Amino acid sequence: MGAPLEYALEKKYKPILENMLPRDPMSCFNLKRGSPKEEFPCLDGNYTCMGRILTLQMYSRQFNRATESGVIFDDIIRPGLENPGSSAGSVSVGCAAGDAQSYILFCDFFDRIIEAYHDHKMSRTQESDFNYDNLKGGDDFDSMYAISCEVSVSRAVEDFSFPMHCSRGERRKLLSLAKQVLSELAKDFPGSLTNLAELTQHCEERFLYQQVPPIELIKTAVGRDWPDARARWVSNDGSLVVWINTEDHLRLLSSRTDANIQEAFKCICVNLVKLEAFYKKWRHPFVWKEHLGWVVSSPAEVGTGLKASVIVRLSHIPQNKRIHDILERLRLHLHPTAKAGLYRVSNAPTIGFTEVGLVQLLVDGVKLLIRIEKRLENEGGIDDLVPAHKYSMDTVTLLKA
């Protein structure tokens, strides 16, 4: 066969059309680095999820990729290299996304992290449910054991890089956008916004945020230019706090001095839905991906971005030999607080459940832990109280029914 036919117009416009094709961002860089084998990090003594999953083969596949905003794979794994964790205690994910595209471009890595950390199959579609009326209980804990509670939700805003990678200009635009949105929220739900630079030691202790960021944020570049363009909005009644440009673009927090997590969750749901509508109005919706749900910086919080916790008085169950098995099946974390005998119980996964499902998981789990604690106080057996299987979204639905 002869050479393919070449038409005059095609020949004329071909260079122009080729120039319109998106360039590989990595081709814009001139990084002074060796081969993937030479650059592969030392993971000896690394106890993060990243350290357990990352191999040279996987590293090599990600090595020459970059997102449109310039995030490379070494940026992604930096948190786990700076803080490798320890053999004792809970396992961290050891990685973070620099932008929403990171989860797509580096899906080979992130999907494995999410599956391992959350015990979740990425083939499932994530669902969302802010109908707080679907929550059963949460206002009826035994007050002798359940002391206080809080619910927080993180969100990322479309078209902006995430905190570890965003520029000063992006961060300042995010703050300006948040001011506009929160001023609209304040029309029905009054509150005030304060820049972190203006906060002093005279602030209420529960709202105080360090003038110098935690060392973890400095190591991962999230704390760059601190406290520039970081702020905190507090409702006049103190029921809601919104942190801007800290670990994520937005973090809503509702905490209570009692354990009525039903009310804390309602506060989050009502105001988060309003904020979402306001951000859409300004053409900057929150980042949502069908298989990931609500996308945020850390893969430890994708799906819902929701962390709920109850402070519980426990003296027997933390020392019980079956505690790790019980917590694993309840899908809960248990961490000691600064006060002896008080423990923070929180949801372990953030994906694979709806928002209502996660809070229901916590409510049911806390009630069961209190029942087990009471049984142990009376020196009784607990075998009949230990769940036979891990809780799932289907389990939570059956318990609600």
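Residues numbered from 1 in each chain as written. Predicted model: local features only at pLDDT ≥ 70, side-chain atom pairs only at ≥ 80, totals over all residues. Heavy atoms only, no water.

Draft legend 1. Local environment of the pattern of salt bridges. Inspection of every chain in the model, using the stated rule, returns 18 salt bridges. For Arg344, the salt bridge identified is with Glu150, shortest N-O distance 4.0 Å. Taken as a pair, Arg344 in strand β10 (residues 342-347) and Glu150 in strand β1 (residues 146-155) lie far apart in primary sequence, 194 residues in all. The class of Arg344 is partly exposed, set by a relative accessible area of 32%. Residues joined by salt bridges that share partners form a network here, namely Arg322, Asp325, Arg329 and Asp383. (Salt bridge = Lys/Arg side-chain N within 4 Å of Asp/Glu carboxyl O. Helix = DSSP H or I, 4+ residues; strand = E, 2+ residues; numbered from the N terminus. Buried < 20%, exposed > 50% of the residue type's maximum accessible area, 1.4 Å probe, protein only.)

Draft legend 2. Representation of the packing of helix α8 (residues 168-185) against helix α10 (residues 261-281). At a minimum axis distance of 10 Å, the contact between α8 and α10 shows a crossing angle of 125 degrees. It follows from the interaxial angle that α8 and α10 lie oblique. For α8 against α10, the interelement crossing comes out right-handed. Contacts from Leu177, Ala178, Val181, Leu182, Glu184 and Leu185 of α8 reach α10 at Asn271, Lys274, Leu275, Phe278, Tyr279 and Lys281. When its residues are assigned to classes, the contact of α8 with α10 shows eight nonpolar, one polar and three charged. (Axes fitted to C-alpha atoms, helices over the stretch in contact; angles between N-to-C directions. Parallel < 35°, antiparallel > 145°, perpendicular 65-115°, else oblique. Left-handed = near helix turned anticlockwise from the far one by under 90°. Contact = heavy atoms within 4.5 Å. Nonpolar A, V, L, I, M, F, W, Y, C, P; charged D, E, K, R; others polar.)

Draft legend 3. Here's a closer look at the sheet that holds β1. Taken in spatial order, the eight strands make up an open sheet running β2-β3-β4-β5-β1-β8-β10-β9, and their pairing is antiparallel. The open sheet has two free edges, formed respectively by β2 (191-195) and β9 (332-336), since each of these has just one partner strand. Ignoring which end each strand starts from, the neighbouring axes of this sheet average 20 degrees apart. Strand direction decides the pairing type here: β1 and strand β5 (residues 250-256), joined by seven bridges, are antiparallel. (Pairing = 2+ DSSP bridges.)

Draft legend 4. Expanded view of the packing of aromatic side chains. Applying the stated criterion across every chain, the model contains ten aromatic pairs. Relative to Trp233, the ring of Phe189 has its centre 6.1 Å away and its plane inclined at 50 degrees; by these criteria the two rings are tilted. Remark: Trp233 occurs in strand β3 (residues 231-235) and Phe189 occurs in the loop between α8 and β2; sequence separation between them is 44 residues. With respect to burial, Phe189 and Trp233 carry one shared label: buried. Between Trp288 and Trp294, the aromatic rings sit 4.9 Å apart at their centres with planes inclined by 70 degrees, giving edge-to-face as the arrangement. Accessibility expressed as a relative area gives 32% for Trp288, which makes it partly exposed. (Phe/Tyr/Trp six-rings, centres within 6.5 Å; stacked < 30°, edge-to-face > 60°.)

Draft legend 5. Fine view of the side chain of Thr67. Structurally, the position occupied by Thr67 is in the loop between α4 (56-62) and α5 (73-82). Of the polar contacts made by the side chain of Thr67, one reaches the side chain of Asp99; its length is 2.8 Å. (Polar contact = N/O pair within 3.5 Å; in protein donor to acceptor, adjacent residues only side chain to side chain.)

Draft legend 6. Quick look at unusual backbone geometry. That bond from Trp226 to Pro227 is cis: its omega, 0 degrees, falls within 30 degrees of zero. Mapped onto the elements of the fold, Pro227 is located in the loop between α9 (215-219) and β3. In this structure, Arg283 is a non-glycine residue whose phi angle is positive, near 65 degrees. Position of Arg283 relative to the elements: it lies in the loop between α10 and β6 (288-289).

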